[in-house]
Amino acid sequence: MDGFFSQALVLLGATLILLPLFQRLGLGSILGYLAAGIAVGHWGW
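Since the model is a prediction, treat every value here as computed from it, not as a measurement. Numbers given for residues are sequential positions, taken from 1 along each chain in its written order. Confidence filtering applies because this is a predicted model: local features only for residues at pLDDT of at least 70, side-chain atom pairs given and counted only at 80 or more, and all residues used for totals across whole chains, interfaces and linings. Derived side-chain values reflect all non-hydrogen atoms in the structure, with water molecules and hydrogen atoms excluded from consideration.

Enquirer: Describe a nonpolar patch on the surface, listing the residues and the values that go with them.
Expert: Any residue with relative accessible area above 30% and no salt bridge may belong to a patch, with like charges joined within 9 Å and the nonpolar Val, Leu, Ile, Met, Phe, Trp and Tyr side chains within 5 Å. We get accessible surface area from the Shrake-Rupley algorithm with a probe of 1.4 Å; when it comes to residues, only the shown protein chains can shield them. Salt bridges are counted wherever a side-chain nitrogen of Lys or Arg sits within 4 Å of a carboxyl oxygen of Asp or Glu. Taken together, the side chains of Leu21, Leu25, Leu27, Ile30, Leu31, Tyr33 and Leu34 make up a nonpolar region of the molecular surface, amounting to roughly 710 Å² of accessible area. Secondary structure is summarised from DSSP: a helix means a run of H or I of at least four residues, a strand means a run of E of at least two, and numbering begins at the N terminus for each. Of the residues forming the nonpolar patch, the biggest block, four residues, is contributed by helix H2 (residues 29–40). For tyrosine 33, the position within the fold is in helix H2.

Enquirer: Account for the side chain of threonine 15, with residues named and values stated.
Expert: As for its placement among the helices and strands, threonine 15 is situated in helix H1 (residues 2–24). Three exposure classes are used, based on accessible area relative to the maximum for each residue type with a 1.4 Å probe and protein chains only: buried under 20%, partly exposed in between, and exposed over 50%. Among the residues examined, threonine 15 registers a relative accessible area of 13% and is labelled buried. Once residues lying within four places of it in the same chain are set aside, the contact partners of threonine 15 are Pro20, Tyr33 and Ala36. Note on contacts: a residue pair qualifies if any of its non-hydrogen atoms lie within 4.5 Å across the two residues.

Enquirer: Which residues make up the environment of glutamine 23, and what are the values?
Expert: Mapped onto the fold, glutamine 23 is located in helix H1. A residue is classified by how much of its surface remains accessible, and glutamine 23, at 47% relative accessible area, is partly exposed. The contact partners of glutamine 23, leaving out residues within four places of it in the chain, are Gly28 and Ser29.

Below, the structure is given as structure tokens:
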């Protein structure tokens, strides 16, 4: 169960960083979520 929580925290952390950045740039939240998923990628899981 510990691995699940650490993986969830990594994904949430990437989202918390990239989502406001993409919204500030006017690109929308969906692209922010996609960028967070790409940034974490295979290495986050």
